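A look at the structure
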Amino acid sequence: LKSAQEHVPLTARRFAAREDAARAARLEIEYAPPPETRLRDVRVSGRLFRFRFDALAGYTYTVERRHTAGAGEWWPLTNFTAKLADVEAEASDVIEPDPARFYRVRREPCQCD
């Protein structure tokens, strides 16, 4: 592939192929997933259930709950977005007459602009 301006340095693009089986091309990808989100400082204060977790920069976190462990729909409780810096997030929920609740925190890449 050549550009229309071959006289301008660094504008030509050259592609090549290697057909030597002993020296086949290799693609190596290093990926370090972000650490797991861990709930901490879990406590009940009066009728309020609270917990904290570290929210890493560049991610949106959604705290969800449901009434049964193995089945049922997850309902959003709150969300946090750590745009530029890590933050300590705290979520709380009012304990209703039916105290059986299960919680999870989902992390997704931030769609921050």
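Refer to the preceding data block for the structure.
Residues numbered from 1 in each chain as written. Predicted model: local features only at pLDDT ≥ 70, side-chain atom pairs only at ≥ 80, totals over all residues. Heavy atoms only, no water.

Notes on unusual backbone geometry
Positive phi, normally seen in glycine, also occurs at Asp41, with a value near 55 degrees. Along the polypeptide, Asp41 turns up in strand S1 (residues 40-45). For Asp41, a relative accessible area of 39% translates into the label partly exposed. (Helix = DSSP H or I, 4+ residues; strand = E, 2+ residues; numbered from the N terminus. Buried < 20%, exposed > 50% of the residue type's maximum accessible area, 1.4 Å probe, protein only.)

A closer look at the packing of aromatic side chains
Under the criterion given, the structure shown has seven aromatic pairs. Relative to Phe53, the ring of Phe51 has its centre 6.4 Å away and its plane inclined at 35 degrees; by these criteria the two rings are tilted. Here Phe51 falls in the buried class, since its relative accessible area comes to 1%. Geometrically, the ring pair formed by Phe53 and Tyr61 is tilted, given 5.6 Å between the ring centres and 50 degrees between the ring planes. (Phe/Tyr/Trp six-rings, centres within 6.5 Å; stacked < 30°, edge-to-face > 60°.)

What about the environment of Phe51?
Note that Phe51 resides in strand S2 (residues 48-55). Along the sequence, Phe51 and Ser92 sit 41 residues apart, while their C-alpha atoms lie 6.6 Å from each other. Excluding anything up to four places from it in sequence, Phe51 contacts Leu39, Arg40, Asp41, Val42, Val63, Ala89, Glu90, Ala91, Tyr103 and Val105. (Contact = heavy atoms within 4.5 Å.)

So, the nonpolar core
Listed in full, the twelve residues of the largest apolar core are Phe49, Phe51, Phe53, Ala55, Leu56, Tyr61, Val63, Ala82, Ala89, Ala91, Tyr103 and Val105. Listing elements by their share of this core, those giving two or more residues are S2, strand S3 (59-66), strand S5 (87-94) and strand S6 (102-109). It is S2 that provides the largest number of residues to this core, a total of four residues. (Core = buried A, V, L, I, M, F, W, Y, C linked by side-chain atoms within 4.5 Å.)

Details of the sheet that holds S2
One open sheet holds the three strands; their spatial order is S1-S2-S5, and the pairing between them is antiparallel. Single-partner strands in this sheet number two, and they are S1 and S5. Between one strand axis and the next, the sheet turns through 20 degrees on average, direction left out of account. As defined by bridge partners, S1 adjoins S2 across four bridges and the pair is classed as antiparallel. Bridging across to S2, Arg40 finds its partner in Arg52. (Pairing = 2+ DSSP bridges. Axes fitted to C-alpha atoms, helices over the stretch in contact; angles between N-to-C directions.)

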